[in-house]
Amino acid sequence: MLQREESMANTNKDNAVIIIISCFGWGILAHGYAMFNKLSWHDDQTALFGVGTTYEIGRWMLGLLGDVVRCVFGESNYSLPVYSGMMAILFIAVAVFLLITMYHIKSALSIVAISGVMVCIPVITGLFGYMFTAPYYMFGMLLSIAGCFLIHNYAEKGKLCGGVSVFLGSIFIACGTGTYQANFPVSVTTLLLSLFVYLINKNNKRELFSRAVIYAGALFSSLILYLAAANIFVSIFHKKFSSYAGINSMGEDSISVYVSRLKTAFINFWQIDKGNHSYNMYPMTANIIFKVMLVMLLSMSILICVHFMRQKRYFHAIMLVFLLMFFPLSVNLIFILSTVSSIHTLAMYTWIFVPVFLVLQTQFVTQLYIYISRQVTIMNGVIILILVLMYARYSNVCYLQATLLQSQTISYFDRLITRIQSVDGYTNETPIVFINEHGMHDSTWMKYSAFEAVSSIPYTDSIEAYVNTYTWATFMANWNGYNPLRGESNDYKDNIDVAQMPTYPNDGSIKMLNDVIVIKFGK
């Protein structure tokens, strides 16, 4: 017994070393530029010294984490590229360790591949565009998987005083959901694959059913805890739920709406690589790898099902089919919980489980067909590694684009500031009025067709989107150091002189009118 525990400890230690090296190695390859430079746009401007919106959109744990960090480190929260990026990768590494321990994954190649997927998936690329919240979201993801680990551990070994482990696991999942709601589908899919691992390795129908009930009960309890906490914290801090993503109308949609969403979730799983949507996790030619993985998943599912039928384990064959049907819905659960229009890159972390599922199936199939075990393991491992390399390259493409557009935006505002300060009679106390402030345009802007395949938020192929974002004035204040006194544009809505002015950057588009500098934007 002691020898076995010592062997497990050594295995865990070896796995931990592989995971740490893999996660940080892949992290530097994919996200090194984002971590060793400062890319800041869109929400990152308003949350440069914060964690973003919290209690109003149901992210009460995010608010608490932000408060804890401020109390521990003092002063403020900060959007820190190196520190936040490294902490996010560390949390991912711990989550990888929990997953491979839960699923009994032994192959070093598989561990390296899974580490790569979890670090390099476009979700992390998008998240590093919002560096202010990156470590918190990944800590929330870790809490969700840790909660599943506790629940799985109880079901596996009956440890930790009966239901205490399940209760703690439910609390962890609720906290993970309270950090970012898209972590709840991560929990659901983690436990679904735990059921799959039990199904293929054990032959106890009653235990399988008992485990499924425990998992479902824990997930339901965590959802109740999350909703209760969300309402409690809104009440404590005298807030109101925002309309963002339908937060203020949760549970009010009709059954037909949810049926429609369920259909969308299932169909979208097979077509996730179609279109230039921000939730597409297989950009560029990665969609080819996605199709290959689907073929491999379906092929090995058939092999496993045939194995069950030959052993007359018909119940297991039926349960396998059920799990395979539920898997797409679990991965795309966010499409059921929210409207398609509000789903974007950051909400799609459940897609890490497609290659994870492939690894789990490979591990079982190679036990059945030992004579091809090495070839199948290497083949599927290489398929996933190719996907990871595609992800890493795509991340660097996103960061290249962001660097070019951020530099051009800074230059654009530099020129604008120079022209404003060159107006006769200008002083630091002169109010500035921006007419049509979100209609900035310049026909000399560079257009990049090479970035049209980039779909992940917050990255965009247009400088026009950069300069016209809702945080443009904050961007100009932070990156150009110019935060002038603003006048009210509505006061000049019907002004004849303004109506006759050309649009910026044409000559005459900036004028002093009644001791106020007026700038007119538009095409």
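Everything below is about the structure shown above.
Keep in mind that what you see is a predicted model, and the values were worked out from it rather than measured.

Engineer: Even after reading the chapter, I still don't get the overall build of the chain, so can you show me in this structure?
Structural biologist: Along the chain, the regular secondary structure elements total 19 helices and 3 strands. Relative to the globule expectation of 24 Å for 523 residues, the C-alpha radius of gyration of the chain, 26 Å, shows essentially globular dimensions. Taking the principal axes of its C-alpha atoms as reference, the chain extends roughly 90 × 50 × 50 Å. Residues counted as buried form 52% of the 523 residues belonging to the chain. If you take every contact in the chain between residues at least 6 apart in sequence, the share linking residues at least 24 apart comes to 79%. One way to put it: in the chain the 31 positive side-chain charges average out to a point 19 Å from where the 27 negative ones average out.

Engineer: Please explain helix α5 (residues 108–120) as it appears in this structure.
Structural biologist: One turn of an α-helix holds 3.6 residues; hence residues three or four places apart share an orientation. End to end, α5 covers 18 Å across 13 residues, agreeing with the expected 18 Å (1.5 Å per residue, within 8%). α5 sits mainly inside the fold: 10 of its 13 residues count as buried. Those residues of α5 that sit buried are Ser 110, Ile 111, Ala 113, Ile 114, Ser 115, Gly 116, Val 117, Met 118, Val 119 and Cys 120. One side-chain oxygen of the residue at the start of α5 lies 3.3 Å from the amide nitrogen of Leu 109, identifying that residue as Ser 107.

Engineer: How should the state of the cysteines be read in this particular structure?
Structural biologist: Defined simply, a disulfide is a covalent bond joining two cysteines at their sulfur atoms. Per the counting criterion, the structure on display carries 0 disulfides. Left unpaired, Cys 71 is separated from the closest cysteine sulfur, that of Cys 175, by 17 Å.

Engineer: Teacher, can you tell me more about the side chain of His 316 here?
Structural biologist: Tracing the backbone through its elements, the reader meets His 316 in helix α13 (residues 314–331). For His 316, a relative accessible area of 2% translates into the label buried. Looking at His 316, its side chain comes within polar contact range of the main-chain oxygen of Lys 202, at 3.1 Å. Excluding its chain neighbours within four sequence positions, the residues that come into contact with His 316 are Leu 199, Lys 202, Asn 203, Asn 204, Lys 205 and Phe 308.

Engineer: Is there a simple way to explain the pattern of salt bridges in this structure?
Structural biologist: Pairs can form between side chains of opposite charge whenever their charged atoms are close. The tally for this structure, following the rule as stated, stands at 4 salt bridges. We note a salt bridge from Lys 38 to Asp 44, for which the minimum N-O separation is 3.1 Å. Using a relative accessible area of 0% as the deciding quantity, one classes Asp 44 as buried. Among the salt bridges present, the one from Asp 67 reaches Arg 70, with a minimum N-O distance of 2.1 Å. Taken together, the residues span about one helical turn, with Asp 67 and Arg 70 both in helix α3 (residues 60–73) at a distance of 3 residues.

Engineer: Just checking my understanding: could you explain the nonpolar core for this structure?
Structural biologist: Generally speaking, soluble globular proteins have nonpolar side chains that are buried together. Grouped together as the largest cluster of nonpolar side chains are 166 residues, with contacts concentrated most on Tyr 282 and Trp 351. Top element by residues in this core is helix α16 (residues 373–421). It accounts for 20 residues. Ile 435, Tyr 492, Val 498 and Leu 513 belong to the second-largest nonpolar core, a separate cluster that totals 8 residues.

Engineer: Please explain helix α12 (residues 286–310) as it appears in this structure.
Structural biologist: Between its first and last C-alpha atoms α12 spans 36 Å; for 25 residues at 1.5 Å apiece the expected length is 36 Å, and the two agree. In the segment just after α12, Lys 312 is the residue with positive phi, at about 60°.

Engineer: Just checking my understanding: could you explain the sheet that holds strand β1 (residues 432–435) for this structure?
Structural biologist: Spatial strand order, β1-β3-β2: 3 strands in an open sheet with mixed pairing. In this open sheet, the two edge strands, each paired with only one partner strand, are β1 and β2 (510–513). In this sheet, adjacent strand axes meet at a mean angle of 25° when their direction is disregarded.

Engineer: Got a minute to help me understand the environment of Leu 168 in this structure?
Structural biologist: Tracing the backbone shows Leu 168 in helix α8 (residues 164–179). Judged by its relative accessible area of 34%, Leu 168 is partly exposed.

Engineer: Would you take a moment to explain unusual backbone geometry for this structure?
Structural biologist: Working note: non-glycine residues mostly have negative phi, and peptide bonds are mostly trans. Ile 457 connects to Pro 458 through a cis peptide bond whose omega is 5°. Here the bond from Tyr 504 into Pro 505 is cis, since omega is 15°, no more than 30 degrees from zero. Within the secondary structure, Pro 505 sits in the loop between α19 (496–500) and β2. With a phi angle near 55°, His 238 is a residue other than glycine that sits in the positive phi range. Structurally, the position occupied by His 238 is in the loop between α10 (205–236) and α11 (255–270). Take His 238: its relative accessible area is 73%, and that puts it in the exposed class.

The rules behind each value
- Residues numbered from 1 in each chain as written.
- Predicted model: local features only at pLDDT ≥ 70, side-chain atom pairs only at ≥ 80, totals over all residues.
- Heavy atoms only, no water.
- Helix = DSSP H or I, 4+ residues; strand = E, 2+ residues; numbered from the N terminus.
- Rg over C-alpha atoms; globule rule 2.2 N^0.38 Å.
- Buried < 20%, exposed > 50% of the residue type's maximum accessible area, 1.4 Å probe, protein only.
- Contact = heavy atoms within 4.5 Å.
- Lys, Arg positive; Asp, Glu negative; His and termini not counted.
- Charge placed at Lys NZ, Arg CZ, Asp CG, Glu CD.
- Expected span 1.5 Å × (residues − 1).
- Polar contact = N/O pair within 3.5 Å; in protein donor to acceptor, adjacent residues only side chain to side chain.
- Disulfide = S-S within 2.5 Å.
- Salt bridge = Lys/Arg side-chain N within 4 Å of Asp/Glu carboxyl O.
- Core = buried A, V, L, I, M, F, W, Y, C linked by side-chain atoms within 4.5 Å.
- Pairing = 2+ DSSP bridges.
- Axes fitted to C-alpha atoms, helices over the stretch in contact; angles between N-to-C directions.

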